[in-house]
Amino acid sequence: MMVRKRNAAIYVRVSTDGQTVENQVRELRQIASRRGWEIVETYSDAGISGAKGRDKRPGLDQMLNDAKRRRFDVVMAWAIDRLGRSLIDLLGTIQELEACGVDLFLEQQAIDTTTPAGKLMFQVCGAFSEFERSMIRQRVKLGLKRALAQGKTLGRPQIASEVERRAQRELRKGAGILRVAKKLGLGTGTVHRIKREMAAN
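Throughout this document, residue positions are counted from 1 along each chain, in the order its sequence is written. The predicted nature of this model means local features are confined to residues of pLDDT at least 70 and side-chain atom pairs, given and counted, to a pLDDT of 80 or more, with totals for whole chains, interfaces and linings taken over all residues. Side-chain metrics rest on all non-hydrogen atoms present in the structure, leaving aside hydrogens and water.

> Can you walk me through the packing of helix α6 (residues 161-172) against helix α7 (residues 177-184) in this structure?
Axis separation between α6 and α7 bottoms out at 10 Å; the angle between their running directions is 145 degrees. In terms of crossing hand, the pair formed by α6 and α7 is right-handed. Mapping the contact onto sequence places Val 163, Arg 166, Ala 167, Glu 170 and Leu 171 in α6 and Ile 177, Val 180, Lys 183 and Leu 184 in α7. An axis is simply a line fitted to the C-alpha atoms; with a helix, the fit covers only the stretch in contact. Between two such axes, the angle follows the N-to-C directions and lies from 0 to 180 degrees. The numbering of helices and of strands both runs from the N terminus, where a helix is a DSSP run of H or I of at least 4 residues and a strand a run of E of at least 2. Left-handed describes a crossing whose near helix is turned anticlockwise from the far helix by less than a right angle; the clockwise case is right-handed. Residue contacts are counted whenever heavy atoms from the two residues lie within 4.5 Å of one another.

> Looking at this model, I keep getting lost on a nonpolar patch on the surface. Mind explaining?
A cluster of nonpolar side chains, contributed by Ile 88, Ile 136, Val 140 and Leu 144, occupies part of the molecular surface with about 300 Å² of accessible area. By residue number, the principal contributor to the nonpolar patch is helix α5 (residues 116-149), which donates 3 residues. As for its position among the elements, Ile 88 is in helix α4 (residues 87-99). In this scheme, patches are assembled from residues that exceed 30% relative accessible area and form no salt bridge. Like charges are connected within 9 Å, while nonpolar side chains (Val, Leu, Ile, Met, Phe, Trp, Tyr) are connected within 5 Å. All accessible areas in this document rest on Shrake-Rupley with a 1.4 Å probe, and a residue is counted as covered only by the protein chains that are shown. In what follows, salt bridge is the name for a side-chain nitrogen of Lys or Arg lying within 4 Å of a carboxyl oxygen of Asp or Glu.

> Explanation requested: the nonpolar core in the structure shown.
The tendency in soluble globular proteins is for nonpolar side chains to be buried side by side. Here the nonpolar core consists of buried residues drawn from Ala, Val, Leu, Ile, Met, Phe, Trp, Tyr and Cys, with membership extended through side-chain atoms lying within 4.5 Å. Buried residues are those whose accessible area, probed at 1.4 Å on protein chains only, stays under 20% of the maximum for their type, while exposed residues exceed 50% and partly exposed ones sit between those limits. Judged by nonpolar contacts, the single largest core of 20 residues is most densely connected at Met 63, Phe 72, Val 75, Leu 83, Leu 97 and Leu 104. Secondary structure elements with two or more residues in this core: β1 (7-14), α2 (58-68), β3 (74-77), α4 and β4 (103-106). Among residues more than four places away in sequence, those in contact with Val 75 are Ala 9, Tyr 11, Met 63, Leu 97, Val 102, Asp 103, Leu 104 and Phe 105.

> What's the story with the pairing of β1 in this structure? I'm lost.
Where a strand is regular, its side chains alternate between the two sheet faces. Across the 8 residues of β1, 7 count as buried, placing the element largely inside the fold. Any two strands are treated as partners once DSSP identifies two or more bridges connecting them. Pairing of β1 with strand β2 (residues 38-46), which is carried by 8 bridges, proceeds in the parallel orientation. Counterpart to Ile 10 in the pairing with β2 is Thr 42. Where β1 meets β3, 4 bridges bridge the pair, whose relative direction is parallel. Across the sheet, residue Ala 9 finds its bridge partner in β3, namely Val 75.

> I would appreciate a short explanation of the packing of aromatic side chains in the present structure.
Here a Phe, Tyr or Trp ring, Trp counted by its six-membered ring, pairs with any other such ring whose centre lies within 6.5 Å, and the pair is stacked when the planes are under 30 degrees apart, edge-to-face when over 60, and tilted otherwise. All chains considered together, the criterion is met by 2 aromatic pairs. Judged by centre distance (5.9 Å) and plane angle (85 degrees), the ring pair of Trp 37 and Phe 105 falls under edge-to-face. Within this pair, whereas Trp 37 is found in the loop between α1 (22-35) and β2, its partner Phe 105 is found in strand β4, the two being separated by 68 residues in sequence. As far as burial versus exposure is concerned, Trp 37 and Phe 105 are alike and both buried. Ring plane angle 65 degrees and centroid distance 6.1 Å describe the contact between Tyr 43 and Phe 72, whose orientation is recorded as edge-to-face.

Below, the structure is given as structure tokens:
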């Protein structure tokens, strides 16, 4: 039976401009060669912290977009912290690769999802990701509950009806939003809302 050759992509990242990605790339290329994987693309983010989100890391963003297009079968990275330092971002990246049917190889952690043991890691990461999301939801709900118990008003602060009437009078006279906001000490968003409500009535 003929084994299909795997196409691989390398993702490398260094935190400072003074560091180099060359060592990571060379090592990963050697590993790919030993495994019979063909490197089809190398993505890199140089001088960018792993704490930055995907929108601030063009190399990672391009790699994930190409994963959706199935340009490769496996992504190779030197270590797990190359993909991200935030747990949620890291798990999100791993889950996105899994959803695309793309495997992950991490040299330093000896993680290889092309194997059954590695596939299990994907499932464990998914469980951790869901747990993290549920914990965040729970903390938000508890925070809101505590704020209400302490008598705090949630949502946007209400403005006094007299101030709102004054704003309406100024707007009817033809005063601009910025001028009304400055004169009455209101935010421009609040004056916009008052103007919209006047137009609707």
